[in-house]
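Analysis of the macromolecular model
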Amino acid sequence: MTSLSNKKALVLGGSRGIGAAIVERFAREGAETRFTYAGSTEAATALAGKSGAKAIQSDSGDRQALTKTIADQGPLDILVVNAGVLVMGDPLETDPDAVDRMIDINVRSPYHAAIEAARKMNEDGRIVVIGSVNGDRMPFPGGAAYALTKSAMQGLVRGLARDFGSRGITVNAVQPGPVDTDMNPADGPMKDAMHSFMAIKRHAAPAEVAGMVTYLVGPEAGIVTGALHTIDGGFGA
Ligand code: NDP
């Protein structure tokens with residue numbers, strides 16, 4: 001028996017990057033795993049084929065579509081809210097619609113998704129949102145809007161942990177530092193600047209983040225809730 005046998009999991013934003021690593025790991029640990037994606041149909045289909053997880057196209061920026069997708073899954077044991085986007089740049093020049101879309105996906109969606117999942121979630125359920133070390137520390141200009149979306153996850157998990165604790169449901173945030181994905185490639189132009197803030201000067205692999213998430217949703221983490229779990233090579237230290 002593996003650690004997530006008999007568990008039903010939904011990963012929002014699972015087609016690529018950190019989300020895809022979480023989907024693969026959950027499936028390997030024996031969970032019945034489903035994941036959403038917005039535009040990356042090819043990647044989602046390939047991941048479903050190799051992992052056995054079920055791919056569902058659903059835009060986290062559309063609240064009604066998102067809550068319907070979650071309600072359609074029936075009672076879940078595990079919800080991971082990973083879907084997120086990054087808008088960086090001079091705030092005086094940045095398109096306000098792009099910032100609002102980021103707030104829809106990174107802030108409104110985790111809130112509404114967690115509430116909708118909790119309506120039917122089984123006892124001893126697990127909710128994990130993927131925040132960022134930028135919720136604690138934003139050492140560059142141009143990151144205010146992204147940082148605000150990730151700081152919001154801190155209040156969200158602390159509050160919801162209080163709301164759902166009586167049902168044994170835990171609510172936690174994982175806060176990665178730089179992780180090698182399409183959003184933040186390990187050989188990207190910001191690499192040296194980012195590594196200069198780190199004690200261990202490399203991007204994490206998505207699988208390393210998936211390992212922390214797997215612990216938090218597993219049987220040993222039933223008393224871990226309302227907490228921020230940073231995995232950042234010392235970026236925020
Ligand atoms: P990627 O851009 O590599 O992947 C993002 C994933 O989210 C894709 O599967 C994408 O699906 C999905 N997604 C994006 N928008 C939507 C949407 N509207 N609806 C449904 N799914 C969506 O990002 P990462 O893997 O790097 O990031 C994952 C999470 O980790 C994000 O929340 C990010 O903020 C956070 N993070 C990342 C760090 C990094 O250094 N990489 C550091 C700290 C935090 P599709 O392609 O189909 O749209």
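An unreviewed UniProt entry annotates the protein as SDR family oxidoreductase of Pelagibius litoralis. Under the Sequence similarities (unreviewed entry) heading, UniProt states for the protein: "Belongs to the short-chain dehydrogenases/reductases (SDR) family."

Let us now look at the overall build of the protein. A count of helical and extended segments in the protein gives seven helices and seven strands. Traced from its N-terminal end to its C-terminal end, the protein shows the element sequence β-α-β-α-β-α-β-α-β-α-β-α-α-β. In terms of overall size, the protein behaves like a compact globule, its C-alpha atoms giving a radius of gyration of 17 Å where 237 residues would be expected to give roughly 18 Å. A principal-axis box enclosing the C-alpha atoms of the protein has dimensions of 45 × 40 × 35 Å. Residue burial in the protein is summarised as follows: out of 237 residues, 49% are buried. Once local pairs closer than 6 in sequence are excluded, the contacts in the protein between residues at least 24 apart make up 73%. Counting only carbon and sulfur atoms, one obtains 51% of the accessible surface of the protein, whose full area is about 10,800 Å². With 23 positive and 26 negative side-chain charges, the protein shows a spacing of 6 Å between the two charge centroids.

Let us now look at the site of the ligand. Neighbouring the ligand are 33 residues; Ser15, Ser40, Tyr146, Val179 and Thr181 lie closest to it. Within the side chain of Lys150, one N or O atom sits 3.0 Å away from an oxygen atom of the ligand. Isolated, the ligand exposes 880 Å² of accessible area, and the fraction of that covered by the protein chains is 94%. In terms of residue class, the shell around the ligand is made up of 12 nonpolar, 16 polar and five charged.

Glancing now at the sheet that holds strand β6 (residues 170–176). Judged by pairing direction, the sheet is parallel, and its seven strands sit side by side in the order β3-β2-β1-β4-β5-β6-β7 without closing on themselves. Here the strands that pair on one side only, and so sit at the sheet edges, are β3 (54–57) and β7 (228–231). Ignoring strand direction, the axes of neighbouring strands in this sheet form an average angle of 20 degrees. Across four bridges, strand β1 (residues 8–12) lies against strand β2 (residues 32–37) in parallel orientation. When the bridges of β2 are listed, Lys8 appears paired with Glu32. Lying on the sheet, helix α4 (residues 96–120) is in contact with β1, β4 (78–81) and β5 (126–130); it crosses β4 at an angle near 175 degrees. Relative to the sheet, helix α7 (residues 206–217) contacts β4, β5, β6 and β7, its axis offset from that of β6 by approximately 165 degrees.

We note that Asn6 has phi near 65 degrees; this positive angle belongs to a residue other than glycine. Here Asn6 is to be found in the segment before β1. Note on Asn6: relative accessible area 70%, which makes it exposed. The backbone phi angle of Asp124 is positive, close to 65 degrees, even though this residue is not glycine. Among the secondary structure elements, Asp124 is positioned in the loop between α4 and β5. The exposure class of Asp124 is partly exposed, given its relative accessible area of 42%.

For the rest of this paragraph, the subject is the UniProt feature "domain: Ketoreductase" (unreviewed entry) in the protein. Using the residue numbers shown here, the UniProt feature "domain: Ketoreductase" (unreviewed entry) corresponds to residues 7–209. The span residues 7–209 is 44% helix and 15% strand, and its two end C-alpha atoms sit 20 Å from each other.

By size, the foremost hydrophobic cluster in this structure holds 31 residues, and its most contacted members are Ile22, Phe26, Phe35, Val80, Val128, Val174 and Val213. Broken down by secondary-structure element, the contributors of at least two residues to this core are β1, α1 (17–28), β2, α2 (41–51), β4, β5 and α7. No other element matches the six residues that α1 contributes to this core. Discounting residues that sit within four places of it in the chain, Val128 has contacts with Leu79, Val80, Val81, Asn172, Val174, Val213, Leu216 and Val217. If you look at the next biggest cluster of nonpolar residues, it comprises 23 residues, including Leu66, Ala114, Met121 and Val129.

As a further point, take a nonpolar patch on the surface. Residues Leu86, Met88 and Met183 make up a contiguous nonpolar surface patch of roughly 240 Å² in combined accessible area. Its place among the elements puts Leu86 in the loop between β4 and α4.

Scanning the model with the defined rule gives 11 salt bridges in all. The salt bridge partner of Asp124 is Arg126, with a shortest N-O separation of 3.4 Å. Classification of Arg126 by relative accessible area gives buried; the value is 3%. Glu208 serves as the salt-bridge partner of Arg202, at 2.9 Å between the closest nitrogen and oxygen. Arg202 sits in the partly exposed class, given a relative accessible area of 43%. Since its relative accessible area comes to 34%, Glu208 is described here as partly exposed.

About the cut-offs
Counting restarts for each chain: residues are numbered from 1 in the order of the written sequence. Selection of residues for local features in this predicted model requires a pLDDT of at least 70, selection of side-chain atom pairs for listing and counting requires 80 or more, and totals for whole chains, interfaces and linings are taken over all residues. To obtain the side-chain values, all non-hydrogen atoms of the structure were used and water was disregarded. UniProt positions are given in the numbering used here, feature names are shortened, and annotations may be inferred rather than shown by experiment. For helices the rule is a DSSP run of H or I covering at least 4 residues; for strands it is a run of E covering at least 2, with both sets numbered from the N terminus onward. Only C-alpha atoms enter the radius of gyration; for comparison, a globular chain is expected to reach 2.2 Å times N to the power 0.38, where N is the number of residues. With a 1.4 Å probe rolled over the protein chains alone, any residue whose accessible area is under 20% of its type maximum counts as buried; one over 50% counts as exposed, and the rest are partly exposed. Contact between two residues is taken to exist if any of their heavy atoms lie within 4.5 Å; hydrogens are not considered. Each accessible area is a Shrake-Rupley estimate made with a 1.4 Å probe; only the visible protein chains count as cover when residues are assessed. Counting rule for charge: Lys and Arg are taken as positive, Asp and Glu as negative, and neither His nor the chain ends is counted. Throughout, a charge is located at the NZ atom of Lys, the CZ atom of Arg, the CG atom of Asp or the CD atom of Glu. Throughout, the term near means that a residue has one or more heavy atoms lying within 4 Å of the molecule or strand in question. N or O atoms closer than or at 3.5 Å make up a polar contact, with two conditions inside protein: a donor-capable atom paired with an acceptor-capable one, and, for residues adjacent in sequence, both atoms drawn from side chains. Amino acids outside the nonpolar list (Ala, Val, Leu, Ile, Met, Phe, Trp, Tyr, Cys, Pro) and the charged list (Asp, Glu, Lys, Arg) are all regarded as polar, and Gly is one of them. Here, strands pair whenever DSSP counts at least two bridges between them. Whenever a helix is involved, its axis is fitted only over the stretch in contact; in every case the axis is a line through C-alpha atoms, and angles between N-to-C directions fall within 0 to 180 degrees. Side-chain atoms within 4.5 Å link the members of a nonpolar core, which is a set of buried Ala, Val, Leu, Ile, Met, Phe, Trp, Tyr and Cys residues. Exposure above 30% relative accessible area and the absence of a salt bridge qualify a residue for a patch, where like charges join within 9 Å and nonpolar side chains (Val, Leu, Ile, Met, Phe, Trp, Tyr) within 5 Å. In the sections that follow, a salt bridge refers to a side-chain nitrogen of Lys or Arg positioned within 4 Å of a carboxyl oxygen of Asp or Glu.

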